[in-house]
Amino acid sequence: MPEKQVKNQAQKVDDPMMLEDLLTRGVAGIIPKDIFTKKLQTGERMRLYLGVDPTGPVIHIGHAVILRKMRQLQDLGHEIILLIGDFTARIGDPTDRSAARTTLTHEEVLANAATYKEQAAKILDFSDSASNPARLEFNAKWLDKLRFSDVIELSARFTVQQMLERDMFEKRMQEGKPIHVHEFLYPIMQGYDSVAMDVDAEFGGNDQLFNMLTGRSLQQMMNKKEKVVVTFELLPGLDGRKMSKSFGNVIGVDDSPNDMFGKVMSLKDELIPEYFWLCTNSSVQDVQGVKHALSKGENPRDLKMCLARKIIALYHSVEAANAAEKEFIQVFQQKGAPTDIPVYHLAVEDVSIVDVIVRAGLAVSKAETRRLIEQGGVKLNGKKVNDAHTALAFADGDTVQVGKRKFITLRK
RNA sequence: GGGUCGGUACCAAAGUGGUCAAAUGGAUCUGGCUGUAGACCAGAUGGACUUGCGCCUUCGGGGGUUCAAAUCCCUCCCGGCCCA
């Protein structure tokens, strides 16, 4: 029977290779490093958490760098908490925003939180049957209870100058952009999470350093504990810019195998080694090997295909990875049709190809569809459609293609 | 509270009475090429249709002046900066 009792001891990390991997892969900084290292070596059980703002519904493989590290520590027996910032999300983190975020309603936040857990569960083990299950927490649990006097007391521990130290506040000051008072409270709220959960360590993206350090200060002041802060490299997006939904350069852990494959193939060549290091379990030697192969002139395409298989295997399965690769070769390298084409049932109103495309949702408006036809982006059974007006006789099983990636099969 | 500057399309930002569905950049899309949904090159990017130098909707909200308004006036809302 697995021990489900609270254990105060985690597994010791003796293997220097493993320790090295734990301390370096994806890690930008550890404050203070010696304490963290020692706790890993002695196996002193740590309570550590990652806070996420459920402002968007997608966990991407950049977040996963941190989650995968947490999974390693979970397996070693440390206590893992995924904190949903349901309270803080309503305020909006000013990090890396030129303007204050629009605030979400509590309902939106909770809906996002539910999908978060589902996605995080691809990496962390939340199941009751696990010997050391990860936990989900919500910070509204304690932040909602604070009274105004508590907030004053907490904020009195910090100065405006300290808050202004953040680059982004400074930048906004210089640019003459607004900084709202509640944004100053954000690091304090997030810092209070550490106190409320009485944690030993917090993980987070590099951009969260300031907020996490505020929590470290508070934890020292209020619980007399040295909270370790571990910051992680931000995984760049597929195009090399910051990974962000608004740039469309994100791979979600929930993406389908085919999507993942295609997205990895669109990765900027220079980022290949970094992705191997941060997004797969490849060893240092393997990553060196990849760099070497690239410098020797090996086709980056083939390395990306390998990378794509590894990533898909992680979030889906090896079989899914192989299938996705076959599909990619068929559709994009050989410009064939995909295996699974959605079916569209023709309606009586569908007189022209334009109607079909709009009603099937392949384009948002008729004007856009006409534009696509003019640009040669629409094919019926593999043949370019040149005229939007001709009424076409559709047959059962006809295939309509819009652009490179959108296909439908027609059914009467 | 006073002064002043500003609010433009998905985002940033020009335009300051007609030549404005609105420059430019980003983003997105299409085509070409290829190593691929990468890179590069070219083009497109409010909407409906009877495809018109025509129509409808859009330059923070509302109202007005004018043959004509993103552009002028009034008013309201929101923000920056300086002063108090």
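Residues numbered from 1 in each chain as written. Chains lettered and ligands numbered in written order. Predicted model: local features only at pLDDT ≥ 70, side-chain atom pairs only at ≥ 80, totals over all residues.

Visitor: Where do I start with the overall build of chain A in this structure?
Guide: Per the secondary structure count, chain A includes 18 helices and 11 strands. Judged by the C-alpha coordinates and their principal axes, chain A covers about 75 × 50 × 45 Å. Each of the 412 residues in chain A was classed as buried or not, and the buried ones make up 33%. Partitioning the intrachain contacts of chain A with sequence separation of at least 6 by distance along the chain shows that 70% fall at a separation of at least 24. (Helix = DSSP H or I, 4+ residues; strand = E, 2+ residues; numbered from the N terminus. Buried ≥ 20, exposed ≤ 12 C-beta atoms within 10 Å, placed from the backbone. Contact = placed C-beta atoms within 7 Å.)

Visitor: What am I meant to see in the protein's contact with RNA strand B here?
Guide: Taken together, 31 residues lie around RNA strand B, and G262, S266, A367, G377 and G403 are the ones closest in. If you list the elements that add at least two residues to the surface near RNA strand B, you get α12 (257-265), α15 (300-315), α16 (318-333) and α18 (366-374). Of all the elements, α18 adds the most residues to the surface near RNA strand B, at 6 residues. For the surface near RNA strand B, a count of residues per class yields 7 nonpolar, 12 polar and 12 charged. (Near = placed C-beta within 6 Å. Nonpolar A, V, L, I, M, F, W, Y, C, P; charged D, E, K, R; others polar.)

Visitor: Would you explain the sheet that holds strand β6 (residues 228-232) in this entry?
Guide: The strands making up a sheet associate through hydrogen bonds between their backbones, and the pairing can be parallel or antiparallel. Taking strand neighbours across the sheet as the criterion, the 6 strands line up as β1-β6-β5-β2-β3-β4 in an open arrangement whose pairing is mixed. Here the strands that pair on one side only, and so sit at the sheet edges, are β1 (27-31) and β4 (135-138). On average, each strand axis in the sheet is tilted by 25° relative to the strand beside it, whichever way the strands run. Summarising the sheet, strand β2 (residues 47-52) and strand β5 (residues 201-205) pair through 3 bridges and their orientation is parallel. (Pairing = 2+ DSSP bridges. Axes fitted to C-alpha atoms, helices over the stretch in contact; angles between N-to-C directions.)

Visitor: Can you help me understand unusual backbone geometry in this one?
Guide: In terms of backbone geometry, most residues other than glycine have negative phi values and most peptide bonds are trans. The omega torsion across I31 and P32 is -10°, close enough to zero to call that bond cis. Locating P32 in the fold gives a position in the loop between β1 and α2 (33-42). Of note in the backbone geometry, D198 takes a positive phi value of approximately 50° without being a glycine. Here D198 shows up in the loop between α10 (181-197) and β5. Even without being glycine, N381 reaches a positive phi, approximately 50°.

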